[in-house]
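# Summary of the model geometry
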Amino acid sequence: MIAPADLGLLDGFERALINGRLRMVYQPKVNLSDGRLHRVEALVRWDDPDLGAVSPARFVPLAEKHGLIDQLTQWGLRTTLRQWRQWRDEGLDTALAFNISALSLDALDFPDLVERMCRAIEVPTDRLVLELTEGATQPLVKLMDTLTRFRIKGIGLAIDDFGVGYSTLMQLRQLPFTELKIDRFFVEDAPTSNDSQLIVRSIIDLAHGLGLSVTAEGVETVEQLRLLRQLNCDVAQGYVLAKPLPPDELLQWTRELPDRWPGLIGNA
Ligand code: C2E
Ligand code: CA
Ligand code: CA
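Residues numbered from 1 in each chain as written. Chains lettered and ligands numbered in written order. Predicted model: local features only at pLDDT ≥ 70, side-chain atom pairs only at ≥ 80, totals over all residues. Heavy atoms only, no water.

A few words now on the overall build of the chain. For the chain, the helix and strand inventory stands at 10 helices and nine strands. Nonlocal contacts in the chain, meaning residues at least 24 apart in sequence, comprise 66% of its contacts between residues at least 6 apart. Accessible surface for the chain amounts to roughly 12,900 Å². Of this, 49% is attributable to carbon and sulfur atoms. Computed over 29 positive and 38 negative side-chain charges, the inter-centroid distance for the chain is 3 Å. (Helix = DSSP H or I, 4+ residues; strand = E, 2+ residues; numbered from the N terminus. Contact = heavy atoms within 4.5 Å. Areas by Shrake-Rupley, 256 points an atom, 1.4 Å probe, with all protein chains shown as cover. Lys, Arg positive; Asp, Glu negative; His and termini not counted. Charge placed at Lys NZ, Arg CZ, Asp CG, Glu CD.)

Listed below in structure tokens is the structure:
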């Protein structure tokens, strides 16, 4: 049964997907050690003529529920890999992160599909990272085989939104993650709350102990940036550095990065 409120949304989304009216935007992540570009995360956007901008936090779960997620994932991945290829041709040498719904990981041949796409578009699998979020219905431990296949192909795996929702310490030990993203909930309070700061510090130390690189997401202030650097966090991402940007603006942003960094955080 589909809720009446979702019906119009689902219909509109399906038409946007079929008619090529979705687009991808790209948010940079920056190395806290030297201020250089670490990687770019692709995020989907849907601007509906009637509904306005609809958040992926609304339509991705809807696509998951109604059998459209594989189509969305494949469209998003193809669009992103092509854009990545174009940037490489334009001289922007960056790694790339892409969000994958846990539902798309059900298929054991999905890693092969991703590898084939990378080959056809001529982008390197060993610079691609997939960001995964634990869901209520799709425990990641059940997807061990698929995750291992990605790692064998050199594709990195990040656990997203760590610390909230369904993510657990057990996954960190059992699953072949290469990177952990601290949820912005903890990042937000870290400069003012001792508890949040302790949690952020502990997550960073724990992740490093397990050999994972740590990204803090949702970084909105210079204070948060400085604190994260003090706490040995590897990478930061958030509005204080850049919002998710259309491809040409992202390219422009990377060209201005060396000038911007010292003003933000002092001499790197
Ligand atoms: P996420 O992967 O955790 O992405 C981070 C979200 O935080 C993005 O929201 C981003 O625009 C937003 N954000 C970035 N910096 C800041 C900041 O400094 N402050 C605040 N308040 N927010 C910030 P967005 O783009 O609306 O995406 C929401 C969620 O939808 C994503 O969370 C991800 O789970 C999902 N999503 C987005 N694009 C895709 C996609 O192509 N495929 C799949 N499967 N899921 C996607
Ligand atoms: Ca993400
Ligand atoms: Ca996240």
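Text resumes after the structure shown.
Moving on to the coordination of the calcium ion (ligand 2). Each pair of donors in an ideal four-coordinate tetrahedral metal site encloses 109.5 degrees, whereas pairs in an ideal six-coordinate octahedral site enclose 90 or 180 degrees. The protein atoms that coordinate the calcium ion (ligand 2) are Glu 41 (OE), Asn 99 (OD1), Glu 131 (OE) and Asp 160 (OD), at distances spanning 2.2 to 2.4 Å. Written as a sequence motif, the donor residues of the calcium ion (ligand 2) are E-x57-N-x31-E-x28-D. Between the calcium ion (ligand 2) and the calcium ion (ligand 3), the interatomic distance is 4.2 Å, and Asp 160 donates to each metal, bridging them. Highlighted residues: Glu 41 in strand β2 (residues 37–48) and Asn 99 in strand β4 (residues 95–100), separated in sequence by 58 residues. (Donors = N, O, S within 2.8 Å, 3.2 Å for Na, K, Ca; no water.)

Moving on: the site of ligand 1. Around ligand 1 lies a shell of 21 residues, among which Gln 27, Arg 45, Arg 184, Glu 220 and Tyr 239 are the nearest. Within the side chain of Arg 45, one N or O atom sits 2.8 Å away from an oxygen atom of ligand 1. A distance of 2.8 Å separates an oxygen atom of ligand 1 from a polar atom in the backbone of Tyr 239. In isolation ligand 1 has 800 Å² of accessible area, and contact with the protein removes 84% of it. (Near = heavy atom within 4 Å. Polar contact = N/O pair within 3.5 Å; in protein donor to acceptor, adjacent residues only side chain to side chain.)

Next up on the list: the nonpolar core. Counting 82 residues, the largest nonpolar core has Phe 13, Leu 22, Leu 72, Leu 180, Ile 182 and Leu 241 as its most contacted members. Among the elements that make up this core, the one with the highest residue count is helix α3 (residues 69–89) (seven residues). Beyond its immediate stretch of four places on either side in the chain, Leu 241 contacts Val 30, Leu 225, Ala 236, Trp 253, Arg 260, Trp 261 and Leu 264. (Core = buried A, V, L, I, M, F, W, Y, C linked by side-chain atoms within 4.5 Å. Buried < 20%, exposed > 50% of the residue type's maximum accessible area, 1.4 Å probe, protein only.)

Next up on the list: the environment of Val 30. Structurally, the position occupied by Val 30 is in strand β1 (residues 22–31). Sequence separation of Val 30 and His 208 is 178 residues, and the distance between their C-alpha atoms is 18 Å. The contact partners of Val 30, leaving out residues within four places of it in the chain, are Gly 35, Arg 36, His 38, Asp 234, Val 235, Ala 236, Leu 241, Trp 253 and Trp 261.

Here we take up the pattern of salt bridges. Applying the stated rule across the entire model yields 15 salt bridges. With a closest N to O distance of 2.8 Å, Lys 153 and Asp 112 form a salt bridge. One end of the pair, Lys 153, is in the loop between α5 (144–152) and β6 (156–162); the other, Asp 112, is in helix α4 (residues 110–121), with 41 residues separating them in the sequence. What makes Lys 153 buried here is its relative accessible area of 19%. (Salt bridge = Lys/Arg side-chain N within 4 Å of Asp/Glu carboxyl O.)

Using the criterion set out here, one finds six aromatic pairs in the structure. Considering the side-chain rings of Phe 110 and Phe 150, the 5.9 Å spacing of their centres and the 85° angle between planes classify their relative orientation as edge-to-face. With Phe 110 in helix α4 and Phe 150 in helix α5, this residue pair connects regions lying 40 residues apart in the sequence. Accessibility expressed as a relative area gives 0% for Phe 150, which makes it buried. (Phe/Tyr/Trp six-rings, centres within 6.5 Å; stacked < 30°, edge-to-face > 60°.)

The values reported here are purely geometric and, on their own, carry no functional implication.
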